[in-house]
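Remarks on the overall topology
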Amino acid sequence: MNAIEEAVERIASATRVLILTGAGVSAESGVPTFRGGGTSTAWRGMPFEQLSSAEMVKRDLPLVWEWFDYRRSVVAGCEPNAGHKAIADAQISGRFQEFTLVTQNIDGLHRAAGSIDPIELHGNIHQARCLSCGHLASLSEIPNDERPPVCPECFDSMRPHVVLFFEGLNEDDLLAAYEKAARCEVCIVVGTSAVVYPANMIPQIAKREGATVVEVNPEETELSPLVDVSLRGTAGEVLPRLLGA
Ligand code: BJW
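Membership of the largest hydrophobic core comes to 25 residues, with the highest contact counts inside it found for Ile19, Ile188, Leu231, Leu239, Leu242 and Leu243. Every element with two or more residues in this core is listed here: helix H1 (3–12), strand S1 (16–21), helix H5 (82–92), strand S4 (98–103), strand S9 (186–190), strand S10 (212–216), strand S11 (229–231) and helix H9 (235–243). Take this core: its biggest share by element is five residues, from H9. Dropping the residues within four chain positions of it, Leu231 is found in contact with Ala3, Ile4, Ala7, Val214, Glu215, Val216, Asn217, Val238 and Leu242. Among the nonpolar cores identified, the runner-up in size contains 23 residues, and Leu61, Phe68, Cys130 and Leu164 belong to it.

Read from one edge to the other, the open sheet built from six strands follows the order S5-S4-S1-S9-S10-S11, with strand pairing classed as parallel. Either end of the sheet is taken by a strand with one partner, and the two such strands are strand S5 (119–120) and S11. Lying over the sheet, H5 contacts S1 and S4, oriented at roughly 150 degrees with respect to S4. Seen against the sheet, H9 touches S1, S9, S10 and S11 and runs at an angle of roughly 145 degrees to S10.

To continue, consider the sheet that holds strand S6 (residues 123–130). Taken together, the three strands give an open sheet; going across it, the order is S7-S6-S8, and neighbouring strands pair in antiparallel fashion. Looking at strand neighbours, the two that pair on one side only are strand S7 (136–138) and strand S8 (158–162), the edges of this open sheet. Ignoring which end each strand starts from, the neighbouring axes of this sheet average 40 degrees apart. With four bridges connecting them, S6 and S8 associate as antiparallel partners. The residue of S8 that forms the bridge with Ala128 is Pro160.

Along the chain, Leu164 falls in the loop between S8 and helix H7 (171–183). Along the sequence, Leu164 and Asp107 sit 57 residues apart, while their C-alpha atoms lie 14 Å from each other. Sequence-distant contacts of Leu164, defined by excluding residues within four places in its chain, comprise Ser52, Ser53, Ala54, Val57, Phe68 and Arg159.

On to helix H4 (residues 61–76). With 16 residues, H4 should reach 22 Å at 1.5 Å per residue; the first-to-last C-alpha distance of 22 Å fits that figure. If you check which residues of H4 are buried, you get Leu61, Leu63, Val64, Trp65, Trp67, Phe68, Arg71, Arg72 and Val75. Looking at the packing, one finds that the buried side of H4 touches strand S2 (42–43), strand S3 (46–47), helix H2 (48–51), helix H3 (54–59), S6 and S8.

So, about the site of the ligand. Around the ligand sit 33 residues, and of these Arg35, Ser52, Arg71, Thr192 and Ser193 come closest. A distance of 2.8 Å is found between an oxygen atom of the ligand and a backbone nitrogen or oxygen belonging to Phe34. Contacts to the ligand include Ala235, whose backbone N or O atom sits 2.9 Å from a nitrogen atom. In terms of residue class, the shell around the ligand is made up of 15 nonpolar, 13 polar and five charged.

For the structure on display, the rule yields seven aromatic pairs. For the ring pair Phe48 and Phe165, a centre distance of 6.1 Å and an interplane angle of 40 degrees mean the geometry is tilted. With Phe48 in helix H2 and Phe165 in the loop between S8 and H7, the pair connects residues that are 117 residues apart, well separated along the chain. By relative accessible area, Phe48 is classed as buried at 5%. Residue classification places Phe165 among the partly exposed residues on the basis of a relative accessible area of 26%. Taken together, Trp43, Trp67, Phe68 and Tyr70 form an aromatic cluster joined through their ring pairs.

What counts and how
Residues numbered from 1 in each chain as written. Predicted model: local features only at pLDDT ≥ 70, side-chain atom pairs only at ≥ 80, totals over all residues. Heavy atoms only, no water. Core = buried A, V, L, I, M, F, W, Y, C linked by side-chain atoms within 4.5 Å. Buried < 20%, exposed > 50% of the residue type's maximum accessible area, 1.4 Å probe, protein only. Helix = DSSP H or I, 4+ residues; strand = E, 2+ residues; numbered from the N terminus. Contact = heavy atoms within 4.5 Å. Pairing = 2+ DSSP bridges. Axes fitted to C-alpha atoms, helices over the stretch in contact; angles between N-to-C directions. Expected span 1.5 Å × (residues − 1). Near = heavy atom within 4 Å. Polar contact = N/O pair within 3.5 Å; in protein donor to acceptor, adjacent residues only side chain to side chain. Nonpolar A, V, L, I, M, F, W, Y, C, P; charged D, E, K, R; others polar. Phe/Tyr/Trp six-rings, centres within 6.5 Å; stacked < 30°, edge-to-face > 60°.

As structure tokens, then:
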């Protein structure tokens, strides 16, 4: 039995499945990854770790807005690919008793493909959040020239609703992801370098609690030595074969 047949068989007999995705799942849609090259890793000569940081929100919020408006303009031209669709179809088919999608991506392409209630661990690029009261708003409701946007509730400034370096994740989301990881029988990890904490704990929890961990990535990652099945290919090629059964 080859690796993909083995993974398909393990998925076929599972009732609880968790999928964790990273930037690689959107690469074939044209969204650049962070550490795999692409155009968004540096912008105006600054690395993304500097731009996407809590420090930069304090120092230069208008610049942070320019950076994320640029990123939104890139995402606006992108459509979900076969990988996103295979994940959405697997959920909608109802063939698993529990199906959890956890994504580190902020691009919204899983929802666009039809995925229901993905846990968006690092937020969503299409939303703004008030610095003071935490009010959330969709950017579609805010004029493009209002930067930073003004909170309609308390009139303080708003920031992009994304989790930047050295910021905590939403505790409810993280707890839900950890609980599902501890319960799942198969954990499929797609398109992530698995270097960013705490999302990279999810497959480790799944493995520790006895799940089969399957990795879909054209490259080896820090997670590869831990996984049960490594599928070396792109999300768009591999996921329809893996989940299409
Ligand atoms: C394909 C493909 C195809 C290509 N198909 N695959 C030192 C040691 C340990 C930890 C830390 C440390 N210093 C700081 C930390 C903590 C830090 C961290 O983990 N840093 C690491 C880099 C070391 N984490 C945090 O700060 C987190 N918060 C936190 O820990 O709070 C507690 C705390 C508080 C105070 C102090 C310290 C701790 C928050 C992390 C938030 C991450 N946010 C970002 C930016 C979001 C906004 C934005 O978009 O700008 O989220 S970082 C960036 O990385 C983004 C991603 O979601 C995340 C993960 O990246 P991902 O998805 O894995 O992408 P890539 O590019 O890395 O990998 C792509 C993969 O796809 C590759 O493997 C390719 O091969 C593959 N691929 N094409 C399938 N077609």
